[in-house]
Structure formats: C-alpha cells, structure tokens
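# Structural overview
Chain by chain, the residues run as shown.
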Amino acid sequence: MSERGEAIVLIGFMGAGKSSVGRELVKRTGLPLYDTDRMVAARVGMPIAEIFASYGEEEFRDCEAAALAQVAERPAIVVTGGGLVLRTANVEAIRRLGSVINLVASEEALFERVSRRGTRPLLQTSDPRGTLSELLRKREPLYRAAADFTIDTTNLTHAAVAEAVLRGVAEMHQHVG
Ligand code: S3P
C-alpha cells in the first residue's frame with residue numbers, strides 16, 4: 001500500500017454535512033482546515049454558482065483539482081466538494097493525504113438540507129429532487145470506493161458525527177500501527 005498521510009478528508013454528497021462536521025473537527029483537533037470549494041471560490045474570485053454559470057462544470061472541476069493539489073501533506077481537516085470523487089486522480093490524491101470518510105444521509109434528509117440554501121448549481125433544474133436522486137445513484141459507488149469508512153449522519157448532530165469520525169480514525173490507526 002502506498003504511503004498515507006495524517007489528514008482527515010471528508011467526502012460525500014451535497015448536504016451530507018461535510019462543511020459543518022469539518023468545522024466541528026477543527027474545534028476538536030485544532031488542525032488547520034482546507035475546504036476545496038472555498039479554495040476554488042477564493043482563487044477564481046466568485047461564488048461556486050457563478051463559476052458554473054460563467055465557465056461551466058468542466059472548468060470548475062479543473063479548478064477543484066488544482067485546489068486539491070494545493071492542500072499540503074500534513075495533519076489537517078480537508079472538506080471536499082460533492083463531485084470531487086468524479087476524477088480518479090482526485091481520489092488518489094485524497095487517499096494519499098490521509099483517512100477518507102464518507103458522510104451519507106437518507107435521500108430525504110439530503111434533499112431537505114440542500115433545499116435550505118438554493119446555492120447548488122447542479123440542482124438548479126426543473127426537477128431538483130429527481131436530479132438529486134439520479135446524481136446520488138451514480139455517485140454512491142464512487143464515494144464508497146474512495147472511503148475508508150462511512151458514517152450515516154441522518155439522525156446525528158454535527159458534534160456526534162465529528163466524534164464518530166475521530167473514533168473511526170483512531171481505530172484505523174490502531175489496526176495499521
Ligand atoms: C458539487 C458540490 C458542491 C460544489 C459544487 C459541485 C457536486 O459542494 O463543489 O456545487 O458536484 O456535488 P458541496 O458538496 O459542498 O455542496
């Protein structure tokens with residue numbers, strides 16, 4: 001197996017809780033936070049939705065991959081955008097960075113959470129619920145294949161998910177070490 005770093009990388013669908021749990025993990029560990037969406041928005045100088053509208057999804061994906069390449073190989077909390085796993089090279093990169101945790105939730109919970117803020121460009125369709133369903137079906141296997149373990153966040157607080165992440169990572173290290 002190739003070398004794995006000490007970062008904690010959160011992956012999963014939009015609304016799975018990656019950003020909120022990432023913030024909880026920072027509070028608990030004191031580690032620095034890398035958030036690929038924020039890095040892309042800062043680099044381009046506009047919100048993600050505008051990047052999609054102005055340049056399209058492929059350009060966004062290129063910026064996302066470039067942002068990931070800027071994440072230092074060091075202990076850190078890394079929050080990723082929901083589509084990061086679409087590129088194999090990104091998956092290899094996050095697995096090199098450290099432990100990869102897949103946050104999941106029921107489809108109903110995901111839809112309810114993403115509906116609170118209408119900022120997800122991929123869901124700006126005539127049938128957002130159907131689009132979510134379809135994207136989820138295509139992506140679920142990618143998240144599972146990329147992750148070391150999965151946590152169902154449907155009925156958990158962000159704090160409880162963060163605790164579960166840290167327990168899971170500690171267990172992984174016990175088994176390896
Ligand atoms: C995307 C998810 C978003 C953001 C972009 C594309 C996706 O991040 O990267 O809108 O393809 O699933 P969140 O998962 O943080 O919403």
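Higher on the page you've got the structure.
Attention in this report is confined to the structure presented alongside it. Because the structure is predicted, anything quoted here is derived from the model rather than measured.

### Some thoughts on the pairing of strand β4 (residues 98-104)
Burial runs high along β4: 7 of the 7 residues are buried. Strand direction decides the pairing type here: strand β1 (residues 7-12) and β4, joined by 6 bridges, are parallel. Each bridged residue has a counterpart across the sheet, and for I8 the counterpart in β4 is S99. Relative to strand β5 (residues 149-152), β4 runs parallel, the two being bridged by 4 bridges. Within β5, the residue paired with N102 across the bridge is T150.

### A look at the nonpolar core
Counting residues in each nonpolar core, the largest one holds 45 residues, and the members touching the most others are L10, I11, I101 and V165. With 6 residues, helix α8 (residues 158-176) is the largest single contributor of residues to this core. Those residues in contact with I11 that sit more than four places away from it in its chain are K18, T80, V85, I94, V100, I101, N102, L103, Y143, A146 and A147. I48, F52, F60 and C63 belong to the second-largest nonpolar core, a separate cluster that totals 9 residues.

### Thoughts on the environment of G15
Here G15 shows up in the loop between β1 and α1 (18-29). Considering only alpha carbons, one finds G15 and L110, 95 residues apart in sequence, at a separation of 5.1 Å.

Definitions and cut-offs
Residues numbered from 1 in each chain as written. Predicted model: local features only at pLDDT ≥ 70, side-chain atom pairs only at ≥ 80, totals over all residues. Heavy atoms only, no water. Buried < 20%, exposed > 50% of the residue type's maximum accessible area, 1.4 Å probe, protein only. Helix = DSSP H or I, 4+ residues; strand = E, 2+ residues; numbered from the N terminus. Pairing = 2+ DSSP bridges. Core = buried A, V, L, I, M, F, W, Y, C linked by side-chain atoms within 4.5 Å. Contact = heavy atoms within 4.5 Å.

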